[in-house]
Amino acid sequence: DPFYVSPYIKGLPMVDYNAHTLGGGYSEDVLDGIQYRIMECDNVEIFAERGVYLGVSDGSFYNNKAFVMDEVTGRISRNQEYEGVNALFELPIPQDKGDEAAVAKYLEEIEKEADSTGAETEQEAEVGELSPVQRVVATVKGWSMADFEENAQCVYEEELSIDKEGYISYDYSLKEGGGSQAKVLADGLFQDNKPGFSEDKTVYGGENPVYIETFELMESGNIILRVYAYEVE
């Protein structure tokens, strides 16, 4: 079952500051019915004075229904009305680990990265410093469908409809082995619900090929899920 495990910072919008923007990556395995995950991200100790959480929700992307943030205090809590998975923990980071000067610099860098389209040479330099999982995510982040068709092989395709709660659900197995099952909030995949190719992709698989799930919103309102096999160099 897919889960989205992410750090969250007290007072910062979760949709903008989560595992995707905080340099997150992970590997996982299931042993005797228990899923184990090793996760990495940028150093969040610098936010110790503000407060840091670790959230676990169902699906493969940030879910804006799983948790809520108090607009006055910035405190994050579980949405008690949410019926899915939404475990939340406060990380016990010592206050003296906090560094507001480093926080200001770090947030500025994230904002610049979000505003920048990124030159190809800069992207290559950044990719070289990332872990294997992060490297694949960074490499394909800005790819169009044409890029995937040129550089990867489509091994699965399915048209999905959005349910009355705003989710898409899929469960597939690949002939090559592996597969995925997920329930994803459609609003989180597409800005302003405009038809087109989503910037959000899911990457999984420990060895070549790595599998990448892509999503395209059609004029009909349905979503096309395509899974590509990608060889990591």
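As a reminder, the structure under discussion sits directly above these lines.
Along each chain, residues carry numbers from 1 onward, in the same order as the chain's sequence is written. Under the rules for a predicted model, residues below a pLDDT of 70 receive no local features and side-chain atom pairs below 80 are neither given nor counted, while totals for whole chains, interfaces and linings still include all residues. The side-chain figures draw on all heavy atoms in the structure; neither hydrogens nor water molecules are used.

Asker: Let's hear about the packing of aromatic side chains: which residues, and what values?
Answerer: Each Phe, Tyr or Trp ring, with Trp reduced to its six-membered ring, pairs with another whose centre is within 6.5 Å; inter-plane angles below 30 degrees give stacked pairs, above 60 give edge-to-face pairs, and intermediate values give tilted ones. Counted under the stated rule, the structure contains 10 aromatic pairs. Relative to F67, the ring of Y8 has its centre 5.7 Å away and its plane inclined at 55 degrees; by these criteria the two rings are tilted. Remark: F67 occurs in strand β5 (residues 67-69) and Y8 occurs in strand β1 (residues 3-9); sequence separation between them is 59 residues. Both residues of the pair, Y8 and F67, count as buried. Ring geometry for W143 versus Y230: centroids 5.6 Å apart, planes at 85 degrees, classification edge-to-face. Note that W143 is positioned in the loop between α3 (132-140) and α4 (145-151) and Y230 in strand β14 (residues 223-230), a separation of 87 residues in sequence. Here W143 and Y230 have matching classes, each one buried. An aromatic cluster is built from W143, F148, F197, Y228 and Y230, whose rings are joined through pairwise contacts. Here a strand is any run of E in DSSP of at least two residues, a helix any run of H or I of at least four, and the numbering for each starts at the N terminus. Any residue under 20% of the maximum accessible area for its type is buried, any over 50% is exposed, and the rest in between are partly exposed; the area is computed with a 1.4 Å probe on protein chains only.

Asker: Lay out a nonpolar patch on the surface in plain terms, naming residues and giving numbers.
Answerer: Together, L31, I34 and Y36 make up an exposed nonpolar region whose accessible area comes to about 300 Å². Turning to its location among the elements, Y36 is positioned in strand β3 (residues 34-40). Using a relative accessible area of 46% as the deciding quantity, one classes Y36 as partly exposed. Patches draw on residues past 30% relative accessible area with no salt bridge. Two like charges within 9 Å are joined, as are two nonpolar side chains (Val, Leu, Ile, Met, Phe, Trp, Tyr) within 5 Å. Areas reported here follow the Shrake-Rupley algorithm with a probe of radius 1.4 Å; residue values treat only the protein chains shown as occluding. Criterion for a salt bridge: a side-chain nitrogen of Lys or Arg within 4 Å of a carboxyl oxygen of Asp or Glu.

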